[in-house]
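Tertiary structure, described
What follows is the residue order along each chain.
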Amino acid sequence: MSKVLVLIEVSPAGEIRSTAAALLGAASKLGEPVAVVAVAPGSGASLVEQLGSLGAAEVFVGESDLVGKILGAAEVQAVTAAVAATQPIAVLVSNSVEGREVAGRIAVCTGAGLIMDAVDVREDAGRIVGTHSVFGGGFSTESTIDGGLAVVTVRQGAIEERAAAAQPVVTSVPLTVDISSAGVIDSVEDVVVSSGRPDLRGAATVVSGGRGLGSKENFVIVEQLADALGAAVGASRAAVDAGYVSQMYQVGQTGTTVAPQLYVALGISGAIQHLAGMQTAKTIVAINKDEDAPIFDIADFGIVGDVFKIVPQLVDALNASK
Amino acid sequence: MKIVVLVKQVPDTWGERRLDPFTGRVDRESVDRVIDEISERALEVALSLKDKNKGTEVVVMSMGPSSATDGLRKGLSMGANEAVHVLDDALVGADAGWTSAVLAAALKQTGFDLVLAGNESTDGRGGVIPAMVAQRLGLPCLGSLNIVEIEQNSVRGERGTENGTARVHASLPAVVSVTERTPEARFPNFKGIMTAKRKSLTVLSLAELGMEPTTVGGRSVVLSTVERPARTAGKKIVDEGNAGLELAEFLAARHLI
């Protein structure tokens, strides 16, 4: 079977990021998943078992002391070496800030073509085909690569397939990383989400708050409803800019794009940039005191009224039905 | 210091944006075209350095159809010293690989100490071009900076990712992309608009860059384009005291709770 490389994102603490499962799942639709990790020498072994459980048939470990100290160069090197060693039909990378930079650089290094921000992948007569959701879901397109390897960046939370667990074959190689052309990392602040709520990317239900909530203290109502629904918390850019919550929660054109079963917008007017990040949600509910808010144009259920009266009543009803 | 700012002309996000159903490309004819807001923010970073340090030279560079001139003129009226427009019919439908190769060639020809760009455009949203240009030029890339600090021989700043932030730096020359956390761009003033007319706008063809219109490795091809039906408004009620309960019933009926 053709091999498909998956670049695994590793946190500064050396843990596999949550994007790995979906990437390996996507790879298993195309061929045999080969996980590629760039790690400090000696720290790859501890990741192998977990990568096997997520479906990696092989694990390609690139080792360098510079991992985590420079931007992307070790990851680019690791994948380039793995491409030469395994002759894959595709390389899958997370469509994250870090992943897409690495993907672009891999494409340059290997002469590959890019399939960007794919929400699904398939193989068709030897070609890799990616599906894209464009302009906030207004259009759906398919693309492929002519005459070369396909490097695919995969939208986070979009792929539901998971690969069957495997006993991976491990290959370790030392990387020779050129630091003369690398950006240097001085310090990292890795935000560990410890709320116990689901991750915004890939959550089945998302409750988001906007500027209409009025204050950081009031934003807690979003968390209360999220907890009653078992949902992830999101926010509009206006709420982030107003300092109600950190940037990590931003849903929209910039920020995270979500496509949950249920999206609840509290005090969000619905600027087009916000809609672009959530309008492919299956069901949209909006509560806003402004009856002309654009969010109502796309809401399956809209309520004109006071969030602080309606949501507590809803939370009580939800808790009573449990 | 010479800073080249890469600017992209995009369909205005306040209008309806469309794809051409036959080519799968962005429909640039039926919409208002503007400089992408994130490109303007990148330009603002360069111009605010120029405000402080008069020796700073700012060049705006765009690859695009003839209409991209409007965006470059706006960049000049905001305060850039000169503009470079890479214009060639063979570039229609260029993918990221080809675009980055052409921009890298134009940058080499123009010369620079620092390249600034937006982290991702509002139309393509690929977010790969700055890193690909840097790779082709063999230069460091600091991507997605929320804060940019430009020094004599280096650039540093705060990089924002899905997982938090990092402090990063690189020696110059380098490529930097900025996020929308960087300051909002200034508006052109009357003096700027008047002086912009006298500033140089160089148009470069592929031949002038010494490039052949061929592919550089694998090429992205759009296979199909389908417009999703527009989302329509559903039920809308005004709260009369029991909307929370009605919403609970709605969610239960759809098996969402």
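Anything mentioned here points back to the structure above.
Residues numbered from 1 in each chain as written. Chains lettered and ligands numbered in written order. Predicted model: local features only at pLDDT ≥ 70, side-chain atom pairs only at ≥ 80, totals over all residues. Heavy atoms only, no water.

1. Section: the packing of helix α3 (residues 73-86) of chain A against helix α4 (residues 97-110) of chain A
All names here are of chain A. Interhelical geometry of α3 versus α4 gives an angle of 45 degrees and a closest axis separation of 9 Å. The angle between α3 and α4 places the two elements in the oblique class. The two elements α3 and α4 meet at a crossing, and its hand is right-handed. Contacts from A73, E75, V76, V79, T80 and V83 in α3 reach V102, R105, I106, C109 and T110 in α4. Tallied by class, residues from the contact of α3 with α4 come to 7 nonpolar, 2 polar and 2 charged. (Axes fitted to C-alpha atoms, helices over the stretch in contact; angles between N-to-C directions. Helix = DSSP H or I, 4+ residues; strand = E, 2+ residues; numbered from the N terminus. Parallel < 35°, antiparallel > 145°, perpendicular 65-115°, else oblique. Left-handed = near helix turned anticlockwise from the far one by under 90°. Contact = heavy atoms within 4.5 Å. Nonpolar A, V, L, I, M, F, W, Y, C, P; charged D, E, K, R; others polar.)

2. Re the packing of aromatic side chains
All names here are of chain A. Taken as a whole and judged by the stated rule, the model has 2 aromatic pairs over all chains. Their ring planes at 55 degrees and their centres at 6.4 Å tell us that F219 and Y244 sit as a pair that is tilted. Of the two residues, F219 is situated in the loop between β11 (205-209) and α5 (220-229) and Y244 in the loop between α6 (237-241) and β13 (262-266); the sequence distance between them amounts to 25 residues. This pair shows no difference in class: F219 is buried, exactly as Y244 is. (Phe/Tyr/Trp six-rings, centres within 6.5 Å; stacked < 30°, edge-to-face > 60°. Buried < 20%, exposed > 50% of the residue type's maximum accessible area, 1.4 Å probe, protein only.)

3. Digging into the sheet that holds strand β5 (residues 113-124) of chain A
Strand order in the open sheet formed by 10 strands is β9(A)-β3(A)-β2(A)-β1(A)-β4(A)-β8(A)-β5(A)-β6(A)-β7(A)-β12(B), with mixed pairing between adjacent strands. Whereas interior strands pair on both sides, the edge strands pair on one side only; in this sheet they are β9 (169-174) of chain A together with β12 (219-227) of chain B. Looking at each pair of strands side by side, their axes are set apart by 35 degrees on average, direction ignored. Pairing of strand β4 (residues 90-94) of chain A with strand β8 (residues 150-154) of chain A involves 5 bridges; the strand directions are parallel. Bridge pairing in β8(A) links A90(A) to A150(A). (Pairing = 2+ DSSP bridges.)

4. Topic: a nonpolar patch on the surface
A grouping of F190(B), I193(B) and M194(B) is seen on the molecular surface, where their side chains present a nonpolar patch of about 310 Å² in accessible area. With respect to the element layout, I193(B) can be found in helix α5 (residues 190-196). (Patch = residues over 30% accessible without salt bridge, like charges linked within 9 Å, V, L, I, M, F, W, Y side chains within 5 Å. Areas by Shrake-Rupley, 256 points an atom, 1.4 Å probe, with all protein chains shown as cover. Salt bridge = Lys/Arg side-chain N within 4 Å of Asp/Glu carboxyl O.)

5. Structural notes on the environment of A163(A)
Residues and elements named next belong to chain A. Position of A163 among the secondary structure elements: in the loop between β8 and β9. Judged by relative accessible area, A163 falls into the buried class, the value being 14%. Each C-alpha atom of the pair A163 and L149 lies 22 Å from the other, and the pair is 14 residues apart in sequence. Each residue touching A163, except ones within four places of it in the same chain, is listed here: L24, G25, S28, L54 and G55.

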